[in-house]
Amino acid sequence: MRNSTTRFFFFVALLTLFATSKSYAQVGQDFWFVAPEVTVNHGDDPVVFRITAFDQPAYVEIFLGTDQTNPIAQFTVPANSQFTYEGPNNQTFKDLIENKPYNQINDMGIHIVSDQDISVYYEVTDTNNPDKFTLKGDNALGTEFFVPSQDEFYNHHFSTPARERIDIVATEDDTEITINLTGDVNGHSAGETITVTLDRGQTYSIWASGEDEADQLGGTYIASNHPIAVTISDDSIQRDGTGPHDLIGDQLIPTDVIGTEYIAMNTMYGQMDQRNSWTPEEPIKTDQKIYILATEDDTNIELNNSGGVDITLDKGESYSLDIAIDENAVHINSDKPVYVYHVTGIPDRWEPHVPDGKELGSAILPPITCTGSTRISFTRVLEERFWVQIMTKDSNKDSFTLEDNKGAEVTGYFDDPTVVNWVTVPGTETFSDPWVTTVIKMGDGTVGLSTTNPYTISNPGLFHMSILDENNSSMSFGYFSSFSSLRIKGPDIFCASDGSITLETQEPMNDYEWVHYVDEFTTENLGNTPSIVVEEPGIYGLTASSAIDPQCVLQDVIEIQSVTPDFTIEGDTVLCPGEPIEFEVVAEEDYIYTWPDGSTGTTYTIPEGWKPMKR
């Protein structure tokens with residue numbers, strides 16, 4: 001799974017030729033991630049990875065840091081199930097992977113690979129300070145990022161600091177990274193540019209110097225010469241001195257993945273009366289903060305299809321808005337690509353006297369154009385209130401099913417109209433197929449879904465989904481929708497002696513149009529079949545429409561490069577027949593070597609008793 005061969009081979013690499021071609025899903029076979037440090041004074045243990053396999057069993061390996069040869073874990077996830085990886089035996093996993101110290105090069109990159117499609121999320125499960133970070137696979141990798149952030153909550157004061165953090169992992173050697181700061185960080189000042197070079201698997205962390213609202217790092221710009229993955233987090237944030245405080249964060253997406261049309265759901269819509277029997281002195285409020293960040297100057301933004309320009313932002317600027325308690329969602333359109341970052345909260349049921357006391361979570365929202373999932377697995381972890389939020393087209397709303405970990409349908413939710421209340425998203429009422437949302441309470445204490453086993457929600461159509469998971473002192477938020485599904489699939493490594501490579505799509509599509517890019521201006525049509533056979537290196541592209549949403553037309557490009565391994569065998573000498581001799585291979589790359597006895601190491605010893613070969 002990890003090494004190349006000693007013979008001439010084709011190496012398959014992704015190449016982005018179109019702004020629309022990077023359209024991968026959060027489902028994939030290759031995931032890079034860097035875990036933020038979380039303050040031990042509030043709670044940072046245990047941490048886990050939750051890995052879901054689909055219709056095929058998945059063999060998974062997890063690598064740490066620059067050692068991309070020896071996995072720290074190897075396991076198989078059965079088909080249609082979710083596995084929780086808690087780290088190597090007899091080790092505190094968070095001490096092994098949390099990216100620290102700041103402002104120096106660390107060896108903490110997490111690389112998860114699988115022989116089948118999987119989905120992965122990282123979870124801090126400490127009952128006081130939990131949160132979920134959805135790993136976005138290929139969709140997380142890029143060379144240009146802006147950092148969205150909140151500016152209304154400060155970090156709770158601890159002796160071990162809780163801060164906003166930006167964590168970076170390199171996926172290739174000699175990755176040069178520049179970070180243009182908008183705020184002070186430990187060791188550097190606002191306006192300064194940090195330059196750092198990382199090798200594959202190495203990581204770097206910056207932490208905001210202060211804990212006030214004004215000390216946040218929103219608008220910080222990150223660029224690199226090779227693909228990197230970025231994690232953003234904001235630890236133990238709160239609004240006032242007596243209320244709850246909570247970890248928020250997510251894995252960031254690069255600028256070539258963001259879009260121009262979004263819907264942000266009110267994660268507590270219609271649920272504010274579902275609480276304990278106490279009556280607060282003031283009406284309960286809930287934080288539904290949306291932060292829109294522009295990546296180009298003169299970006300015009302329209303809300304709920306108002307018919308005009310409601311907001312204009314320049315590059316790196318942000319605008320915050322609230323989803324009203326009586327609104328189920330907000331629809332966002334822009335004329336240039338933007339980030340949309342959602343910070344959400346629920347009232348603390350144990351402190352009703354604090355009307356602004358919230359438990360919080362956050363997520364980078366995907367654009368709604370050509371995105372969504374048909375199947376999402378999740379696990380309820382905490383033991384109090386548990387909600388699921390779903391957004392889809394009106395034509396899909398009656399086709400949902402909920403299954404347990406054994407594939408048995410769970411009733412009492414989607415089949416009960418008193419539980420599921422679909423509401424049209426403002427501004428989409430006139431669409432031929434309007435968007436609708438619902439918030440479903442699926443747990444409260446011992447009532448509802450189990451906190452032990454995973455569940456799966458499915459629909460023949462595309463949908464977006466998030467969850468709010470609460471215990472008696474905190475809350476965890478996760479957003480699980482996938483991005484669009486066109487991805488050309490071919491072998492990462494292919495020996496030329498096999499004669500050909502078969503290219504196909506990761507998911508079934510419609511209206512296939514394959515091309516070969518002969519040069520910058522010339523293409524050769526290769527047909528309209530679901531797969532093609534390639535017999536030579538080159539650049540190949542595909543345009544196809546989604547099998548689920550025919551109006552969604554996507555593109556992807558793959559480059560097949562020919563590479564000849566460069567190695568030498570040391571040990572040339574003169575000796576008498578029958579004397580043993582050891583040879584050693586010297587090469588700049590990591591190859592698999594096959595010697596006459598079938599061994600594959602870098603050294604080989606000719607045994608005693610050998611005889612010279614006749615020529």
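Parameters at a glance
Residues numbered from 1 in each chain as written. Predicted model: local features only at pLDDT ≥ 70, side-chain atom pairs only at ≥ 80, totals over all residues. Heavy atoms only, no water. Helix = DSSP H or I, 4+ residues; strand = E, 2+ residues; numbered from the N terminus. Buried < 20%, exposed > 50% of the residue type's maximum accessible area, 1.4 Å probe, protein only. Contact = heavy atoms within 4.5 Å. Areas by Shrake-Rupley, 256 points an atom, 1.4 Å probe, with all protein chains shown as cover. Core = buried A, V, L, I, M, F, W, Y, C linked by side-chain atoms within 4.5 Å. Phe/Tyr/Trp six-rings, centres within 6.5 Å; stacked < 30°, edge-to-face > 60°. Disulfide = S-S within 2.5 Å.

Caption draft 1: Representation of the overall build of the chain within the structure. Along the backbone of the chain there are 1 helix and 44 strands. In the chain, buried positions account for 54% of the 615 residues. Once local pairs closer than 6 in sequence are excluded, the contacts in the chain between residues at least 24 apart make up 74%. Counting only carbon and sulfur atoms, one obtains 46% of the accessible surface of the chain, whose full area is about 25,400 Å².

Caption draft 2: Structural view of the nonpolar core. Counting residues in each nonpolar core, the largest one holds 68 residues, and the members touching the most others are Ile179, Ile222, Val230, Ile290 and Ile292. It is strand 23 (residues 329-347) that provides the largest number of residues to this core, a total of 9 residues. Apart from the residues within four sequence positions on either side, Ile292 is in contact with Ile301, Ile311, Leu313, Glu317, Ser318, Tyr319, Leu321, Ile332, Val338 and Tyr339. With 27 residues, the next largest nonpolar core counts Phe31, Val38, Phe133 and Leu247 among its residues.

Caption draft 3: Summary view of the packing of aromatic side chains. Applying the stated criterion across every chain yields a total of 17 aromatic pairs. The interplanar angle of 75° and the centroid separation of 5.1 Å between the aromatic rings of Phe400 and Phe463 together place this pair among those described as edge-to-face. Of the two residues, Phe400 sits in the loop between strand 26 (385-393) and strand 27 (401-403) while Phe463 sits in strand 31 (residues 455-470), which places them 63 residues apart along the sequence. Phe463 shares its class with Phe400; the two are buried. Aromatic ring contacts, followed pair by pair, group Phe33, Phe49, Phe75, Phe83, Tyr85, Phe93, Tyr122 and Phe133 into a single cluster.

Caption draft 4: The state of the cysteines, seen in detail. Summed over the entire model, instances satisfying the criterion amount to 1 disulfide. The residue that forms a disulfide with Cys370 is Cys552, at a sulfur-sulfur distance of 1.9 Å. On the sign convention where negative means left-handed, the S-S torsion of about 140° between Cys370 and Cys552 marks this disulfide as right-handed. Of the two residues, Cys370 sits in the loop between strand 24 (358-364) and strand 25 (373-378) while Cys552 sits in the loop between strand 39 (538-546) and strand 40 (553-563), which places them 182 residues apart along the sequence. Residue classification places Cys552 among the buried positions, given a relative accessible area of 4%.

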